[in-house]
Amino acid sequence: MSWTQGPLVGFDTETTGVDVEHDRIVTAALVRRDARGTHVRTWLVDPGVEIPAEAAAIHGISTEHARTHGAEPATALEEIAAELAAALREGTPVVAYNASFDLCLLDAELRRHGLRPMSARLGRAVGPVIDPLVLDRHEDRYRPGRRKLVDLCGHYEVVDPGALHTADVDVVATLDVLDRLVGRFPHLRTLDLETLHEYQVTAHRAWAESFNAWRAGRGLEGPGAETTWPTRVPTDGVPLDDAPAPGAPVAVG
């Protein structure tokens, strides 16, 4: 039976910013999709810091709202990590769009609050993970245009883009994008989960090396994209889902 038959556990966070080492989780969602349907669990977290106005404008959570209604961070983070680890231990893949961002941010938060990171909970590397961004970038690498979640939702015709930027809606959209993506590239459903995970490790590395070469060719400074996936070290803040695909022509001028 193919992994596409489930179960799958989708994961997403909304945060105070895009720095995986220093920003904080504001909301999180885990969505389990299996033969019984789709089951959603969400968290609102008091991050313990001010939520910048630009971040609040995206996800709609103000500092005041989070402080009044949000859970204490260590409690929420332990619950999130425990559920993710339980799924991974039973072999259920975690599906996340730009997974390295959410997983690295979660690990940084766990360390910040004196909690065990994901690899320590599992006793091994984190996986299996499925990332529609990595797969789309590899399978359709020459397609022009941006590759944010909202763009892939439009490309694969799965959801009203105006509904995005809440963690639970984003997770459901990510699962739907994955379903459509596999329908378009059916060889992915024939891979077992271990092979699929390693396929993405290789695909991400190829993209990152191409992206970094593109940056170097333009004389851009900074570390560029981390070549490891799904865990990584922080990058220089370049939005990785906006980079050109490996081998794709780059417009000049």
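First, a word on what this report is: a plain description of the structure on this page. Because the structure is predicted, anything quoted here is derived from the model rather than measured. (Residues numbered from 1 in each chain as written. Predicted model: local features only at pLDDT ≥ 70, side-chain atom pairs only at ≥ 80, totals over all residues. Heavy atoms only, no water.)

### Re the overall build of the protein chain
Part 1 of the argument: Within the protein chain, the secondary structure is distributed over 9 helices and 5 strands.
Part 2 of the argument: Sorting the 253 residues of the protein chain into buried and exposed places 48% on the buried side.
Part 3 of the argument: Sequence-distant contacts, at least 24 apart, represent 66% of the contacts inside the protein chain between residues at least 6 apart.
Part 4 of the argument: Accessible surface for the protein chain amounts to roughly 11500 Å². Of this, 53% is attributable to carbon and sulfur atoms. (Helix = DSSP H or I, 4+ residues; strand = E, 2+ residues; numbered from the N terminus. Buried < 20%, exposed > 50% of the residue type's maximum accessible area, 1.4 Å probe, protein only. Contact = heavy atoms within 4.5 Å. Areas by Shrake-Rupley, 256 points an atom, 1.4 Å probe, with all protein chains shown as cover.)

### Digging into the packing of helix H6 (residues 132–139) against helix H8 (residues 167–184)
Part 1 of the argument: With their axes 10 Å apart at the nearest point, H6 and H8 run at an angle of 30 degrees to one another. Viewed along their axes, H6 and H8 adopt a mutual orientation that is roughly parallel. Considering only the axes of H6 and H8, their crossing is left-handed. Judged by residue contacts, Pro132, Leu135 and Asp136 of H6 engage Thr174, Val177, Leu178 and Leu181 from H8. (Axes fitted to C-alpha atoms, helices over the stretch in contact; angles between N-to-C directions. Parallel < 35°, antiparallel > 145°, perpendicular 65-115°, else oblique. Left-handed = near helix turned anticlockwise from the far one by under 90°.)

### Details of the sheet that holds strand S2 (residues 25–34)
In sheet architecture, strand pairing relies on hydrogen bonds along the backbone and comes in two forms, parallel and antiparallel.
Part 1 of the argument: Overall, mixed pairing links the 5 strands, which are arranged S3-S2-S1-S4-S5 in an open sheet. Two strands in the sheet have a free side with no partner beyond their single neighbour: strand S3 (37–44) and strand S5 (129–130).
Part 2 of the argument: Of the strand pairs in this sheet, strand S1 (residues 8–15) and strand S4 (residues 94–95) are connected by 2 bridges, and their pairing is parallel. Each residue of the ladder has a partner; that of glycine 10, found in S4, is valine 95.
Part 3 of the argument: Where helix H3 (residues 73–89) meets the sheet, its contacts fall on S1, S2, S3 and S4, and the angle it forms with S3 comes to roughly 150 degrees. (Pairing = 2+ DSSP bridges.)

### Points about the pairing of S2
Part 1 of the argument: Here S2 lies mainly inside the structure; 8 of its 10 residues are buried.
Part 2 of the argument: One ladder, built from 8 bridges, connects S1 with S2; its direction is antiparallel. Residue phenylalanine 11 lies in a different strand from S2, and its bridge partner there is leucine 30.
Part 3 of the argument: Alignment of S2 against S3, held across 8 bridges, turns out to be antiparallel. Residue pairing in the sheet places valine 31 in a bridge with valine 40 of S3.
Part 4 of the argument: In this antiparallel pair of consecutive strands, S2 and S3, the connection spans 2 residues.

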